[in-house]
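Structural description and commentary
Below are the chains, spelled out letter by letter.
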Amino acid sequence: ETGAADSGRSDIMMLVSINKKLEKITMVSFLRDSWTYMRVPRKDGTSYDYYFKMNAAYSLGGPATLLQTIENNYKIEIDEFLAVDFNSFPKLIDALGGVEVDVQDYEANYIRRTSSQKDFPYGTATLNGKQALIYSRIRKCDADSDISRTRRQRSVIKGLIDSAKSATKGQLLNAFKQVSGYIRTGYTQTEVFALIAQAFANDWMQYEMEELVLPSEDYVDRASTKINGQSCWVVDYALCAQKLQTALYGESNIVLSD
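One structure accompanies this document, and this report is about it. Computed from a predicted model, the values in this text were never measured in an experiment.

For the coordinates displayed, the defined rule picks out 16 salt bridges. With its nearest N and O atoms 2.8 Å apart, the salt bridge here joins Arg152 to Glu107. Pair noted here: Arg152 is in helix H5 (residues 146–164) and Glu107 is in helix H3 (residues 105–114), with a separation of 45 residues, a long-range link. Summarising the burial analysis for this pair, Arg152 and Glu107 share the class buried. In this structure Arg152 comes out as buried when scored by relative accessible area, which is 0%. Here the salt bridges share partners, and the residues they tie into one network are Asp11, Arg32, Arg137, Arg139, Asp146 and Arg149.

What follows is the structure, given as structure tokens:
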């Protein structure tokens, strides 16, 4: 809440995978209340075992521990990370000229009732940074809580990708320069520029987009419970890992028993 990128839990965890062979972008939302094992580093170089919700990994061990936890659970490789906080996210959106999303009437009504945004737009709307942050964080206006919340979060990212479709390579480079101060990432600036060049040369913004939530929405691979007083999801990680590998790579090396 303070905006300090290293102090809090990861409120949103999303994987974006670009498959150049299949010309497909897969966006995966990980539910933050998933109960998990994590290996947390100490300052003296040792580490300790810990069990908690997945969103705690970031606050306990930073991006490296969160990525390691996701990779361990879902048996995938993640190249790098980009992180924004509650202070920098609105500035990033504003620097890009806002983001266009489809806001449902009931979502706009909820935001009007519960925030200072008394004229929050609905329908196809261009949200400024403050509006996009509020829209991305609401969850109590839906019976499925975090599921619909992740849908809204992905719609913001899709909106940013859509806004880049008509941009020139120079405009994309300039856009990154404008927002780089609001982003924490393991990528160097040179690597980001190389990715922008690839995106422009290979028309990544036109790729088909697939969305996924893990654990999934159908309750096959998750169950709600309380552990040590914490409401959480108990997850069938073997099943989820097989689903994610298949979605990303077109196949999986995980064989499940009956």
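From this point, the narrative continues.
For Ser136, the location among the structural elements is in helix H4 (residues 129–137). Aside from chain neighbours lying at most four places away, what touches Ser136 is Phe89, Arg149, Gln153 and Val156.

Taken together, the six bridges between strand S10 (residues 222–227) and strand S11 (residues 230–235) define a ladder with antiparallel strand orientation. By the bridge assignment for S11, Arg222 is matched with Val235. The turn joining S10 and S11, which pair antiparallel and follow one another in sequence, is formed by two residues; a positive phi near 50° is taken by Asn228.

So, on to unusual backbone geometry. With omega at -10°, the peptide bond leading from Leu214 into Pro215 counts as cis. One can find Pro215 in the loop between strand S9 (208–214) and S10. Despite not being glycine, Glu23 shows a phi value in the positive range, around 50°. The residue Glu23 is located in the loop between strand S1 (14–19) and strand S2 (24–30) in this model. Phi angles above zero are rare outside glycine, and Asn228 is one such case at about 50°. Relative to the assigned elements, Asn228 resides in the loop between S10 and S11. With a relative accessible area of 73%, Asn228 lands in the exposed category.

Spacing of three or four residues puts side chains on the same side of an α-helix, whose turn is 3.6 residues. Under the 1.5 Å per step criterion, the end-to-end length of helix H1 (residues 56–74) is only 17 Å for 19 residues, more than 12% shorter than the ideal 27 Å. Of all the bends found along H1, the most pronounced is centred on Gly62 and spans about 135°, while Pro63, a proline, follows it within four residues. All of the buried residues in H1 are Ala56, Ala57, Tyr58, Gly62, Pro63, Thr65, Leu66, Leu67, Thr69, Ile70, Asn73 and Tyr74. Positive backbone phi, at 55°, marks Lys75, one or two positions downstream of H1.

Moving on, we come to the packing of aromatic side chains. The tally for this structure, following the rule as stated, stands at seven aromatic pairs. Aromatic side chains Trp35 and Phe52 sit 5.5 Å apart centroid to centroid with 45° between the ring planes, which places their arrangement in the tilted category. Here the residue Trp35 occupies a position in strand S3 (residues 35–41), and Phe52 occupies one in strand S4 (residues 47–53), the gap between them amounting to 17 residues. For the pair Trp35 and Phe52, one class covers both residues: buried. A ring pair is formed by Phe176 and Phe193, whose centres lie 6.0 Å apart and whose planes are at 85°; its orientation type is edge-to-face. Placement of the pair is Phe176 in helix H6 (residues 169–179) and Phe193 in helix H7 (residues 189–202), with a sequence separation of 17 residues. The class for Phe176 is buried, based on a relative accessible area of 12%. Taken together, the ring pairs in this structure connect Trp35, Tyr48, Tyr50 and Phe52 into an aromatic cluster. A cation over a ring is seen here: Arg137 above Phe86, with NZ or CZ 3.9 Å from the ring centre. Directly above the aromatic system of Trp233 lies the positively charged group of Arg222, at a separation of 4.1 Å from the ring centroid.

This part is about H5. Helix length check: H5, at 19 residues, gives a terminal C-alpha distance of 28 Å against a target of 27 Å (1.5 Å per residue), a fit within 8%. Extensive coverage of H5 is indicated by the burial of 14 of its 19 residues.

What follows concerns the sheet that holds S2. In space, the three strands of this open sheet follow the order S1-S2-S9, with mixed pairing throughout. Of all strands in the sheet, those with a lone pairing partner are S1 and S9, marking the two edges. Put simply, the sheet's adjacent strands are angled 20° from each other on average, direction ignored. Note: S2 against S9, seven bridges, orientation parallel. Across the sheet, the residue bridging to Met27 is Glu211, located in S9. Each of S1, S2 and S9 is contacted by H5, which is oriented at about 155° to S9, the strand it contacts most.

Thresholds, definitions, all that
- Residues numbered from 1 in each chain as written.
- Predicted model: local features only at pLDDT ≥ 70, side-chain atom pairs only at ≥ 80, totals over all residues.
- Heavy atoms only, no water.
- Salt bridge = Lys/Arg side-chain N within 4 Å of Asp/Glu carboxyl O.
- Helix = DSSP H or I, 4+ residues; strand = E, 2+ residues; numbered from the N terminus.
- Buried < 20%, exposed > 50% of the residue type's maximum accessible area, 1.4 Å probe, protein only.
- Contact = heavy atoms within 4.5 Å.
- Pairing = 2+ DSSP bridges.
- Expected span 1.5 Å × (residues − 1).
- Bend = angle between axes of the 7 residues up to and from the residue.
- Phe/Tyr/Trp six-rings, centres within 6.5 Å; stacked < 30°, edge-to-face > 60°.
- Lys NZ or Arg CZ within 6 Å of the ring centre and 35° of its normal.
- Axes fitted to C-alpha atoms, helices over the stretch in contact; angles between N-to-C directions.

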